[in-house]
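# Structure assessment
Below, each chain spelled out in residue letters.
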Amino acid sequence: MLKGKNIILGVTGGIAVYKSADLVSRLVKQHANVEVIMTEAATKFVTPLTFQTMSVNKVHTEMFGLVSDFDVEHVSLAQKADIILIAPATANTIGKIANGIADNLLTTTVMASKAKVIYAPAMNTNMYNNPIFQENMNKLKNLGHEFIKTGVGRLACGDYGEGKMAEPSEIVEYVINSFIRKDLLGKKVVITAGPTIEPVDPVRYMTNHSSGKMGYNLAKEAVDRGANVVLISGPTTLTPPDGVELVKVNTTEEMFNAVGQYFDNCDVLIKSAAPLDYKPITVSPVKIKKSDGGNDILDLKFIRNPDIAAHYGSLKKNQIIVGFAAETNNLIEYALSKLKKKNFDFIVANDVTKPGAGFKNDTNIATIIDKKGNIEEHPLMDKKHLSKIILDKVYNILEEKAR
Ligand code: PMT
């Protein structure tokens, strides 16, 4: 994900330095070129040799070291940086940068660079809440510098509260996101995900195998690309991605109403949910007993639920609607018919009988068919990657419409 990216990692003096060694290892695993600048205080916690070994690069510590090839170190580091990441970032270093002090290699490099600067602060709660630190942080934020949210927890000093450095995995994810193009910035994207459930009696309900993974991956990709995402989700065990507006629903009718609240003002509607087409005509107010049927057969009668996609497809104005088709046979034929009937811009058809495709898996196999009749086959891939392909197509249609 970070191939060809030069990351200058500033390491300042706090106990969280030990986590930064893991951070370097994770960035290198993503194929980033990592060059570490350590402040003098940082070298008291962990030796430069650790970072040199993890980054497989020389570690920079000295402002006035002898230069090689007449490279002025802070200038050459500043110029090659795609991102300057400071983790851990102490109140001291943040305060210096906010006030234009450039008295060591790291602060000088930041001052000399046009690259994006990202901080992962780490400090004691009182320091974090100190208005001087808050003012410095806000000043830098207003200048376009970015801060990764600190965690709340037990700190090295024994206090409990805000100020814990974000975990290395979170920092890497933040960095990766910074390189993702924000081509859906400001677009309103509504995504339906997961199954719906229909009650039979107070203790039983009907549902299907949808886990929500396809829809949640789409929501994450859309939010990372700058969209305002509303995720309308049936019951799942998944954690919604940060930054999405989550609307929880149970039944198909609830999903129908929720989509209705957002449809008029959205740019894109993606129908990856698997809503139940039928529900019991009546829901028994009490638990149905075995003997109620009088014999071994229990007769339940069902009635059609609204077809959410078809309904909003018929009301479509300028919205892009992406549908899905979960099929067990005649994939292309059925998908084509749904594409037309529900007025989709394109449909993502998955044969749910294929290993690795459809429900519950982290992967999918998809055939994408658009209104013009173009058919694309996408082999087994993770749902994250398929989400990227789907949103690339959405972006292309948005661009076409804007022309
Ligand atoms: O959630 P996962 O475990 O990750 O699984 C992913 C998935 C298999 C659920 C997903 O890839 C998928 O195929 N979703 C659509 C499932 C489905 O309901 O397919 P369908 O062929 O029955 O419906 C066609 C389209 O109409 C779908 O966009 C569906 O959301 C929509 N629909 C269906 C019924 C209904 N009453 N209202 C609808 O809007």
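Up top is the structure.
Residues numbered from 1 in each chain as written. Predicted model: local features only at pLDDT ≥ 70, side-chain atom pairs only at ≥ 80, totals over all residues. Heavy atoms only, no water.

## With respect to the sheet that holds strand 13 (residues 268-271)
Overall, mixed pairing links the 8 strands, which are arranged 12-11-8-13-16-17-18-19 in an open sheet. Taken across any chain shown, the strands that pair with only one partner, and hence form the sheet edges, are strand 12 (245-248) and strand 19 (375-382). On average, adjacent strands in this sheet sit at an angle of 20° to one another, irrespective of strand direction. Note: strand 13 against strand 16 (residues 320-327), 4 bridges, orientation parallel. Within the sheet, the bridge partner assigned to Leu269 lies in strand 16 and is Ile321. Sitting on the sheet, helix 13 (residues 331-341) is in contact with strand 16, strand 17 (346-351), strand 18 (363-370) and strand 19, with an inclination near 150° to strand 17. (Pairing = 2+ DSSP bridges. Helix = DSSP H or I, 4+ residues; strand = E, 2+ residues; numbered from the N terminus. Axes fitted to C-alpha atoms, helices over the stretch in contact; angles between N-to-C directions. Contact = heavy atoms within 4.5 Å.)

## Examining the nonpolar core
The biggest cluster of nonpolar side chains holds 32 residues, and the ones touching the most others in it are Ile191, Ile270 and Ile390. In terms of residues, this core owes the most to one element, helix 14 (residues 383-402), which gives 8 residues. Counting residues in each nonpolar core, the second largest holds 31 residues, with Leu2, Leu9, Leu27 and Ile83 among its members. (Core = buried A, V, L, I, M, F, W, Y, C linked by side-chain atoms within 4.5 Å. Buried < 20%, exposed > 50% of the residue type's maximum accessible area, 1.4 Å probe, protein only.)

## What to know about the site of the ligand
What surrounds the ligand is a group of 27 residues, the closest being Ser210, Ser211, Lys338, Asn350 and Lys360. For the ligand, an oxygen atom lies 2.7 Å from a polar atom in the backbone of Lys271. Relative to its unbound accessible area of 760 Å², the ligand is 96% covered by the protein chains. Secondary structure elements with two or more residues in the shell around the ligand: helix 10 (213-224), helix 12 (308-314) and strand 16. No other element matches strand 16, which puts 4 residues into the shell around the ligand. In terms of residue class, the shell around the ligand is made up of 11 nonpolar, 8 polar and 8 charged. (Near = heavy atom within 4 Å. Polar contact = N/O pair within 3.5 Å; in protein donor to acceptor, adjacent residues only side chain to side chain. Areas by Shrake-Rupley, 256 points an atom, 1.4 Å probe, with all protein chains shown as cover. Nonpolar A, V, L, I, M, F, W, Y, C, P; charged D, E, K, R; others polar.)

## What about the packing of aromatic side chains?
Applying the stated criterion across every chain, the model contains 4 aromatic pairs. Residues Tyr128 and Phe133 carry aromatic rings whose centres are separated by 5.4 Å and whose planes lie at 45° to one another, so their mutual orientation is tilted. This pair shows no difference in class: Tyr128 is buried, exactly as Phe133 is. Ring centres 5.3 Å apart and planes at 40° place the aromatic pair Phe256 and Tyr312 in the tilted group. (Phe/Tyr/Trp six-rings, centres within 6.5 Å; stacked < 30°, edge-to-face > 60°.)

## Let's talk about the sheet that holds strand 5 (residues 146-147)
Pairing in this open sheet of 5 strands is parallel, and the strands run 2-1-3-4-5 from one edge to the other. At either margin of the open sheet sits one strand with a lone partner, and together these are strand 2 (33-38) and strand 5. For strand 1 (residues 6-11) and strand 3 (residues 83-89), the ladder comprises 4 bridges, and the chain directions are parallel. Paired with Ile7 across the strands is Ile83, a residue of strand 3. Contacts between helix 6 (residues 105-112) and the sheet are confined to strand 1, strand 2, strand 3 and strand 4 (116-121), with strand 3 contributing the most and set at about 145° to the helix.

## Digging into the side chain of Ser178
Along the chain, Ser178 turns up in helix 9 (residues 168-179). Engagement of the side chain of Ser178 in a polar contact is seen with the backbone oxygen of Tyr174, the distance being 2.9 Å. With residues up to four places along the chain from it excluded, the contact list for Ser178 reads Ile83, Lys116 and Ile118.

## Section: the pairing of strand 13
Neither face of strand 13 is exposed, since Val268 and Ile270 on one face and Leu269 and Lys271 on the opposite face are all buried. Inspection of the sheet shows strand 8 (residues 188-193) paired to strand 13 by 4 bridges, in the parallel sense. Paired with Val189 across the strands is Val268, a residue of strand 13.

## Here we look at helix 1 (residues 17-29)
Between its first and last C-alpha atoms helix 1 spans 19 Å; for 13 residues at 1.5 Å apiece the expected length is 18 Å, and the two agree. Looking at helix 1, one finds that the buried residues are Val17, Lys19, Ser20, Ala21, Leu23, Val24, Ser25 and Leu27. (Expected span 1.5 Å × (residues − 1).)

## A word on the packing of helix 5 (residues 91-98) against helix 6
For the pair helix 5 and helix 6, the least separation of the axes is 10 Å and the interaxial angle reads 40°. Here helix 6 runs oblique to helix 5, going by the angle between their axes. Remark: the crossing between helix 5 and helix 6 carries right-handed chirality. Contacts between helix 5 and helix 6 involve Thr93, Lys96 and Ile97 from the former and Leu106, Thr107 and Val110 from the latter. Residue classes in the contact of helix 5 with helix 6 are distributed as 3 nonpolar, 2 polar and 1 charged. (Parallel < 35°, antiparallel > 145°, perpendicular 65-115°, else oblique. Left-handed = near helix turned anticlockwise from the far one by under 90°.)

## Details of the environment of Ile94
Turning to its location among the elements, Ile94 is positioned in helix 5. Look at Ile94 and you get buried, because its relative accessible area is 0%. A C-alpha to C-alpha distance of 8.5 Å links Ile94 and Leu140, two positions 46 residues apart in sequence.

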